[in-house]
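# Residue-level structural notes
Given next are the chains, with one letter for each unit.
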Amino acid sequence: MNTTNTASKTKDMVYISMFAILIAICSWISIPAAVPFTFQTMGIFLAVGILGGKRGTISVFIYILVGMVGLPVFSGFKGGIAALAGPTGGYIIGFLFSALLMWGIEKRSAKNGITLLISMILGLLVCYVFGTIWFMKIYSATNGAVGIGTVLGWCVIPFIIPDCVKIVIAFILTNRIKKVVHV
């Protein structure tokens, strides 16, 4: 076997694992507010921004798989199928769709800062859409019908400003890290 190829694959596995762990750590950091928020989305944006679409998406997928088998990697140190099947599980699944969208944009566009920033914003919107639809479905099944305005007020509007701040931080960190470390 080619040692260069083996070393490259090993390096990829290490980076992918590191970013799956980073996403978990970001999910455990909770900022208390009227509606507490975590840094999971920032971890997603850093993974895809620094590692690129393919390796970043794989790290997000591994993060979700590790949580799905029961390790407490989700916010609030939760894990297991119940966490994914609950009302906010759609946002976790939405992380994968965010990463996939960012990867798709990376493959079809020029690789520059503006493209990365746009992909992060669109990735966040995809996560919001998927998670909000999931929340409405699960919440309505257990508690009765709820309107989209109410759900947006609970699940999206309080997070817009913090999520925009996380995008800015992830964007700045991605650009600075990529100048120093060539992954």
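Residues numbered from 1 in each chain as written. Predicted model: local features only at pLDDT ≥ 70, side-chain atom pairs only at ≥ 80, totals over all residues. Heavy atoms only, no water.

## Looking at the overall build of the chain
In terms of regular secondary structure, the chain is built from eight helices and two strands. Since a compact globule built from 183 residues should have a radius of gyration of about 16 Å, the 17 Å found for the chain is in line with a globular shape. Here the chain holds 183 residues, and the buried ones make up 40% of them. Across the chain, contacts joining residues at least 24 apart in sequence account for 66% of those joining residues at least 6 apart. When the accessible surface of the chain is totalled, it reaches about 9700 Å², and 74% of it is carbon and sulfur. (Helix = DSSP H or I, 4+ residues; strand = E, 2+ residues; numbered from the N terminus. Rg over C-alpha atoms; globule rule 2.2 N^0.38 Å. Buried < 20%, exposed > 50% of the residue type's maximum accessible area, 1.4 Å probe, protein only. Contact = heavy atoms within 4.5 Å. Areas by Shrake-Rupley, 256 points an atom, 1.4 Å probe, with all protein chains shown as cover.)

## As for the nonpolar core
Core analysis: the largest hydrophobic core is formed by 43 residues, its most contacted members being Phe-45, Val-60, Tyr-63, Ile-64, Phe-74, Phe-95 and Met-120. Elements represented by at least two residues in this core include exactly helix H1 (3-28), helix H2 (40-51), helix H3 (53-68), helix H4 (81-85), helix H5 (89-108), helix H6 (113-143), helix H7 (148-155) and helix H8 (160-180). Not counting residues up to four positions away in its chain, the partners in contact with Phe-95 are Gln-40, Thr-41, Ile-44, Val-60, Tyr-63 and Cys-127. (Core = buried A, V, L, I, M, F, W, Y, C linked by side-chain atoms within 4.5 Å.)

## A word on the pattern of salt bridges
In this structure the tally under the stated criterion is two salt bridges. Between Arg-55 and Asp-12 there is a salt bridge, with the nearest N and O atoms lying 2.9 Å from each other. Pair noted here: Arg-55 is in helix H3 and Asp-12 is in helix H1, with a separation of 43 residues, a long-range link. On the basis of relative accessibility, which here comes to 24%, the residue Asp-12 falls in the partly exposed class. A salt bridge links Lys-166 to Asp-163; the nearest nitrogen and oxygen atoms lie 2.7 Å apart. Separated by three residues within a single helix, Lys-166 and Asp-163 lie in helix H8, roughly one turn from each other. (Salt bridge = Lys/Arg side-chain N within 4 Å of Asp/Glu carboxyl O.)

## Regarding the environment of Ala-82
Within the fold, Ala-82 resides in helix H4. Counting along the chain gives twelve residues from Ala-82 to Gly-70, while the straight-line C-alpha distance between them is 9.1 Å.

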